[in-house]
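Here are the chains, one letter per residue:
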Amino acid sequence: MAKDLDVETFCALRLFIDSWRWQWVPWYLRSGKCPAATAAEVLVELKLPPQRLFDDSAPVDGRANYLRFRLSPNSAVALAVRVKRAGKEFVGEQRELYLLNEQPGEEAPYERLYE
């Protein structure tokens, strides 16, 4: 294979587990060569409520409320929900609360062994 090729390689899978507990729950696996960001995440998308809470009920980007767990490279938890926008109109907007577990000066695993 030629080293000067800059062709992007990408693969995405949507899988289902054949079990009563995970029926209708999609699992998405995405991988690629030299992605812009490398991360391992678990994204739990919550179903839309059965009644319209806001006048613009459907989110613009199509993503429902979700809970996201980032496993690597940095541990983090994010909760995104649709909340009422400030003002008189009963219009919602998506907001994400992001908690990053980062300790300044913390040594990486095995870092002490290489000093």
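Residues numbered from 1 in each chain as written. Predicted model: local features only at pLDDT ≥ 70, side-chain atom pairs only at ≥ 80, totals over all residues. Heavy atoms only, no water.

Peer 1: Could you give me a rundown of the packing of aromatic side chains, with the residues and numbers involved?
Peer 2: By the definition in use, this model includes 1 aromatic pair. Note on W22 and W27: the rings are 5.3 Å apart at their centroids and 65° apart in plane angle, and the pair reads as edge-to-face. By relative accessible area, which is 36% here, W27 ends up partly exposed. (Phe/Tyr/Trp six-rings, centres within 6.5 Å; stacked < 30°, edge-to-face > 60°. Buried < 20%, exposed > 50% of the residue type's maximum accessible area, 1.4 Å probe, protein only.)

Peer 1: Got a sec to walk through the sheet that holds strand β5 (residues 76-84)? Specific residues and values, please.
Peer 2: Strand order in this open sheet of 4 strands is β3-β4-β5-β6, and the pairing throughout is antiparallel. The open sheet is flanked by β3 (40-45) and β6 (92-100), the only strands paired with a single partner. Each neighbouring strand pair of the sheet contributes to a mean axis angle of 15°, computed without reference to strand direction. Judged from the 5 bridges that link them, strand β4 (residues 66-72) and β5 form a sheet pairing that is antiparallel. (Pairing = 2+ DSSP bridges. Helix = DSSP H or I, 4+ residues; strand = E, 2+ residues; numbered from the N terminus. Axes fitted to C-alpha atoms, helices over the stretch in contact; angles between N-to-C directions.)

Peer 1: Break down the pattern of salt bridges for me, citing the residues and quoting the values.
Peer 2: Scanning the entire structure with this criterion turns up 5 salt bridges. A salt bridge links E41 to R68; its shortest N-O distance comes to 3.0 Å. With E41 in strand β3 and R68 in strand β4, this residue pair connects regions lying 27 residues apart in the sequence. Judged by its relative accessible area of 36%, E41 is partly exposed. Here E96 makes a salt bridge to R68, at a shortest N to O gap of 2.7 Å. Taken as a pair, E96 in strand β6 and R68 in strand β4 lie far apart in primary sequence, 28 residues in all. Shared partners join several salt bridges into a network, and the residues in it are E41, R68, R70 and E96. (Salt bridge = Lys/Arg side-chain N within 4 Å of Asp/Glu carboxyl O.)

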